[in-house]
Amino acid sequence: MPVPFLPATPDADPRPQPPEEPGPNECCGSGCPLCVLDLYNDELQRYRAAFAAWRLRHPDATP
């Protein structure tokens, strides 16, 4: 199993930040091919994967 990259300082590997959730009126409800809710869900999945990887590199960090 490869050893994960560990930066020299914690600032070099900042904690991922969750995406901003769309407001209640940002989705028009007309079935757009790139709905803001779909885009948010895609970003949320990427955030969760990035956060899980970050937690592996920083096991002592608070959740």
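Look up: the structure comes first, before these words.
What you see is a predicted model; the values in this text were computed from it and never measured.

A. Representation of the overall build of the protein chain. Within the protein chain, the regular secondary structure consists of one helix and zero strands. Looking at the protein chain residue by residue over its 63 residues, the buried ones come to 19%. Counting contacts in the protein chain only where the partners sit at least 6 residues apart, residues at least 24 apart contribute 57% of the total.

B. Structural view of helix H1 (residues 36-57). End to end, H1 covers 31 Å across 22 residues, agreeing with the expected 32 Å (1.5 Å per residue, within 8%). Inspection of H1 places Tyr40, Leu44, Tyr47, Phe51 and Trp54 among the buried residues, and these make up the whole buried set. Along the long axis of H1, the arc covered by the buried residues comes to 90 degrees, so they all point the same way. Exposed residues lying more than 90 degrees from the buried face of H1 are Gln45 and Leu56.

C. Just the nonpolar core, in detail. Tyr40, Leu44, Tyr47, Phe51 and Trp54 form the largest nonpolar core, which has five residues in total. Those residues in contact with tyrosine 40, other than ones at most four positions away along the chain, are Pro19, Glu20, Glu21 and Pro22.

D. Local environment of the packing of aromatic side chains. For the coordinates displayed, the defined rule picks out two aromatic pairs. Between tyrosine 47 and phenylalanine 51, the aromatic rings sit 5.8 Å apart at their centres with planes inclined by 20 degrees, giving stacked as the arrangement. You can see tyrosine 47 and its partner phenylalanine 51 sitting in helix H1, four residues apart, about one turn around the helix. Given a relative accessible area of 18%, phenylalanine 51 falls into the buried group. For the pair phenylalanine 51 and tryptophan 54, a centre-to-centre distance of 6.0 Å together with 15 degrees between the ring planes defines the contact as stacked. Taken as a pair, phenylalanine 51 and tryptophan 54 lie in helix H1 at a separation of three residues, close to a single helical turn.

Cut-offs applied
- Residues numbered from 1 in each chain as written.
- Predicted model: local features only at pLDDT ≥ 70, side-chain atom pairs only at ≥ 80, totals over all residues.
- Heavy atoms only, no water.
- Helix = DSSP H or I, 4+ residues; strand = E, 2+ residues; numbered from the N terminus.
- Buried < 20%, exposed > 50% of the residue type's maximum accessible area, 1.4 Å probe, protein only.
- Contact = heavy atoms within 4.5 Å.
- Expected span 1.5 Å × (residues − 1).
- Arc of directions from axis to C-beta.
- Core = buried A, V, L, I, M, F, W, Y, C linked by side-chain atoms within 4.5 Å.
- Phe/Tyr/Trp six-rings, centres within 6.5 Å; stacked < 30°, edge-to-face > 60°.

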